[in-house]
Structure formats: C-alpha cells, structure tokens
Amino acid sequence: MTWIQALILGLVQGLTEFLPVSSSGHLRIVSAVFFGSDAGASFTAVTQLGTELAVLVYFAKDIKRIVIAWFTTLGMRLRERSQEAVPVGDRVTTKLPVMDRSAREAHERDAQRELDYRIGWYVIIATIPIGVLGFLFKDEIRTGARNLWLVSFMLIAFALVIAAGEHFGRKERPIEKLTTRDGLVMGLAQCLALIPGVSRSGATSTAGLFLGLEREAAVRFSFLLAIPAVTASGLFSLPDAFEPAGEGLNASGPQLLVATILAFVVGYASVAWLLKFVSKHSFYWFVGYRIILGLVVMGLLAAGVVSAT
C-alpha cells in the first residue's frame, strides 16, 4: 500500500462510517476501482477505531454519565435487594407534595440517571448478537462477503429497506422512551452490518425508525450502540491488518496509524454534521445515493472494468 492509498482510504473511512451508506462497502469499492486490489476487512476494522474514537470524544459527556449511572444504580439496586423491606407507615394522603426548585432539580437528575442506566443496559444487551455472529463468521466476513456483486446488491437492496423505514416509521418517540425491545431489535439489526454494503448506522437507525423512534434519537443510540462492537472488532483485527487474507493491499504500521488518525478527524466532523442533518432532513438523500452507486458498480462489474473478487 502506498501513502496516497492509505490517506485516501482513511479519508473514505472517516467520511462514510457514520452515514447510512456502508463504510466497509465504500472501502471495498474504492480500493478495487482505483487501486485494483482489496484493502481487506482487517484494514477496515482497524481504521474504524479512529472513527469510534471520534464518537467517544463527541459523546464523552454522555458516555461518562451513562457509565457512572450504570455502576451507581446497579450497586444501589444490589444493596436494596440484600436488605429487608422496612415498613414506613400506613397513613394514606391524597395531597400531592409540593416540589421546590431544588426538589425538582433532584427529581430531574434522578430521571436522567435512570435513563442513562437503562441505555447502558440496552447497549450491553444489543452488543451480544453481533459479538457472537462476528466471531462465528469471521472467516466469511473477510473473504466471500467482500464480493463486489454482493456489495453492490446490498447497497441497492438495503436502500429500499431504509426508504421503507423512513416512509412507514412514525418517528414519534424520543430517546427518553427507549425500551429493552428497542435495544434488542436494533442490536439484531446491527448484525446485518457484517455484510459490506449494508451499513451499521443504516441498519440500526432504520430499525429504530420502524420501532417509532424519532430520527435523531435512532441515530444517536446507533452511535452509542456501535462503540463496543466496533472497538472490539478493531482490536481483534489489529494483528491481521498487516497480513491480509489472500492477495491485497498491505499497510505498514505508520500508514495504518496515519489512516486511523485521519479517519478520527474526518469522522468527528461527520458525526456533528449527520446529527444536525437528520434533525431537519430525511434519509431519502442517502437512499438515492446508495442506489446510484450500486448500479454504477454493477455496470463496472458487467463491463469487466473491475473484478468482483
């Protein structure tokens, strides 16, 4: 791999990781069309560490709050279960307590902590399916799943799924209304991202839309949901990034590092842009782009300009 190739692929990773267009599919297409070879699934997984670091930095306050709330609330509930219930009196009153400002603020803090605690659990639960499937099918993900016919087909097919989610989703529930069912369904949808061309953010966000979540809420939880899975995948693939399966572009350590840093910088800007974009616009823009790109790649494959493998 040359330095130009490493820089371009790092840029592509940062630009596409959080958009519902499939970063792994784009890396596969760009490396095949412009460089005549495959950068490999391991290169993709490792450079994703840069984009996930961008998520960690962008959502640092949220993540810190969720982690603290999860451990604090879990500890409190374990202690409560170990203690016997103590009666506090049988007197019943129909008067509602009047809450002063400090009481209201305390109530709001408790409500936020409860939400953060639940989100922490939802992320844990939702990460289990992709962890299991990713481990069981790791060899297929690195080889057969990267066929460009499959990538281009999935770009088009899942574009229609995203369009259906945008059309039929009620988009009425904020992130405060997130449930265990939402987390589990979005976690199962994340498994589809193991196939290049689907898109992790596209799969999980679309599942959120079908479940009735607001577009911004679905995207925000999608970002949080990706952190453990993508980070684990990147660390697991780190040793293999320098030895691609079969023939392929082989990045040196410095090239991989620079590509990952570039992916972080561009990815951070991409996160900020997408959250602002989805608050005012639909996913239909990405649907059109995916279909056009899929058809172009199919045309190149049919004409023999690029090889599917």
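Residues numbered from 1 in each chain as written. Predicted model: local features only at pLDDT ≥ 70, side-chain atom pairs only at ≥ 80, totals over all residues. Heavy atoms only, no water.

(A) Up close: the overall build of the protein chain. Broken down by element type, the protein chain carries twelve helices and zero strands. Along the protein chain, helices (α) and strands (β) appear in the sequence α-α-α-α-α-α-α-α-α-α-α-α when read from the amino end. With 309 residues in all, the protein chain has 48% of them scored as buried. For the protein chain, restricting intrachain contacts to residue pairs at least 6 apart in sequence, the fraction spanning at least 24 positions comes to 84%. Summed over its atoms, the accessible surface of the protein chain is roughly 15900 Å², and 66% of this surface lies on carbon and sulfur atoms. (Helix = DSSP H or I, 4+ residues; strand = E, 2+ residues; numbered from the N terminus. Buried < 20%, exposed > 50% of the residue type's maximum accessible area, 1.4 Å probe, protein only. Contact = heavy atoms within 4.5 Å. Areas by Shrake-Rupley, 256 points an atom, 1.4 Å probe, with all protein chains shown as cover.)

(B) Representation of the packing of aromatic side chains. Within this structure, the stated rule accounts for nine aromatic pairs. An aromatic cluster is built from Phe 18, Tyr 58, Phe 59, Phe 223 and Tyr 268, whose rings are joined through pairwise contacts. (Phe/Tyr/Trp six-rings, centres within 6.5 Å; stacked < 30°, edge-to-face > 60°.)

(C) Seen up close, the packing of helix α7 (residues 148–168) against helix α12 (residues 284–302). At a minimum axis separation of 8 Å, α7 and α12 run at an interaxial angle of 160°. Of the possible angle classes, the one that applies to α7 and α12 is roughly antiparallel. For the crossing formed where α7 meets α12, the hand is left-handed. (Axes fitted to C-alpha atoms, helices over the stretch in contact; angles between N-to-C directions. Parallel < 35°, antiparallel > 145°, perpendicular 65-115°, else oblique. Left-handed = near helix turned anticlockwise from the far one by under 90°.)

(D) Representation of the environment of Ala 263 in the model. Within the secondary structure, Ala 263 is located in helix α11 (residues 253–278). In this structure the C-alpha to C-alpha distance between Ala 263 and Leu 53, which are 210 residues apart in sequence, comes to 9.4 Å. Not counting residues up to four positions away in its chain, the partners in contact with Ala 263 are Gly 10, Gln 13, Gly 14, Thr 47, Gly 50 and Thr 51.

(E) Structural view of the pattern of salt bridges. One pass over the structure, following the stated rule, counts eleven salt bridges. As a salt-bridge pair, Arg 220 and Asp 62 come within 3.8 Å of each other at their nearest N and O atoms. With Arg 220 in helix α10 (residues 215–237) and Asp 62 in helix α4 (residues 60–82), the pair connects residues that are 158 residues apart, well separated along the chain. Given a relative accessible area of 21%, Asp 62 falls into the partly exposed group. A salt bridge links Asp 182 to Arg 173; its shortest N-O distance comes to 2.8 Å. Using a relative accessible area of 17% as the deciding quantity, one classes Arg 173 as buried. In this structure, a network of salt bridges that share partners links the residues Asp 62, Arg 65, Asp 116 and Arg 220. (Salt bridge = Lys/Arg side-chain N within 4 Å of Asp/Glu carboxyl O.)

(F) Quick look at the environment of Phe 18. Following the sequence through the fold, Phe 18 ends up in the loop between α1 (3–16) and α2 (23–35). On the accessibility criterion, Phe 18 (3% relative accessible area) is buried. It is 5.9 Å that separates the C-alpha atoms of Phe 18 and Ser 201, two residues lying 183 residues apart in sequence. Setting aside anything within four residues of it in sequence, one finds Phe 18 in contact with Thr 51, Glu 52, Val 55, Ser 201, Phe 223, Gly 267, Ser 270, Val 271 and Leu 274.

(G) Up close: the nonpolar core. Judged by nonpolar contacts, the single largest core of 43 residues is most densely connected at Phe 59, Ile 119, Phe 221, Phe 223 and Leu 274. Of the residues forming this core, the biggest block, eight residues, is contributed by α10. Counting 14 residues, the second largest nonpolar core, distinct from the first, contains Met 1, Val 46, Leu 249 and Ala 259. (Core = buried A, V, L, I, M, F, W, Y, C linked by side-chain atoms within 4.5 Å.)

(H) Representation of the confidence of the model for the protein chain in the model. Here the protein chain averages 86 in pLDDT, and 88% of its residues register 70 or above. Counting contacts from residues 90–96, a segment whose pLDDT is below 50, to residues more than four positions away or on other chains yields zero contacts. (pLDDT = per-residue confidence, 0-100.)

(I) Seen up close, α12. Between the first and last C-alpha of α12 there are 27 Å, a value that for 19 residues agrees with the 27 Å anticipated at 1.5 Å per step. Within the sequence span of α12, burial applies to Phe 286, Val 287, Arg 290, Leu 293, Gly 294, Val 297 and Leu 301. Along the long axis of α12, the arc covered by the buried residues comes to 140°, so they all point the same way. Of the residues in α12, the exposed ones pointing more than 90 degrees away from the buried face are Trp 285, Ile 292, Leu 295 and Ala 302. A positive backbone phi angle near 80° is found at Gly 304, which sits one or two residues after α12. (Expected span 1.5 Å × (residues − 1). Arc of directions from axis to C-beta.)

(J) A look at the packing of helix α8 (residues 180–190) against helix α9 (residues 200–210). One can describe the packing of α8 onto α9 by two numbers: an axis separation of 8 Å at closest approach and a directional angle of 150°. Considering their axes alone, α8 and α9 lie roughly antiparallel with respect to each other. Crossing angle aside, the handedness with which α8 passes α9 is right-handed. The segment α8 lies against α9, with Val 185, Met 186, Ala 189 and Gln 190 engaging Arg 200, Ala 203, Thr 204, Ala 207 and Gly 208. Grouping the amino acids of the contact of α8 with α9 by side-chain chemistry returns five nonpolar, three polar and one charged. (Nonpolar A, V, L, I, M, F, W, Y, C, P; charged D, E, K, R; others polar.)

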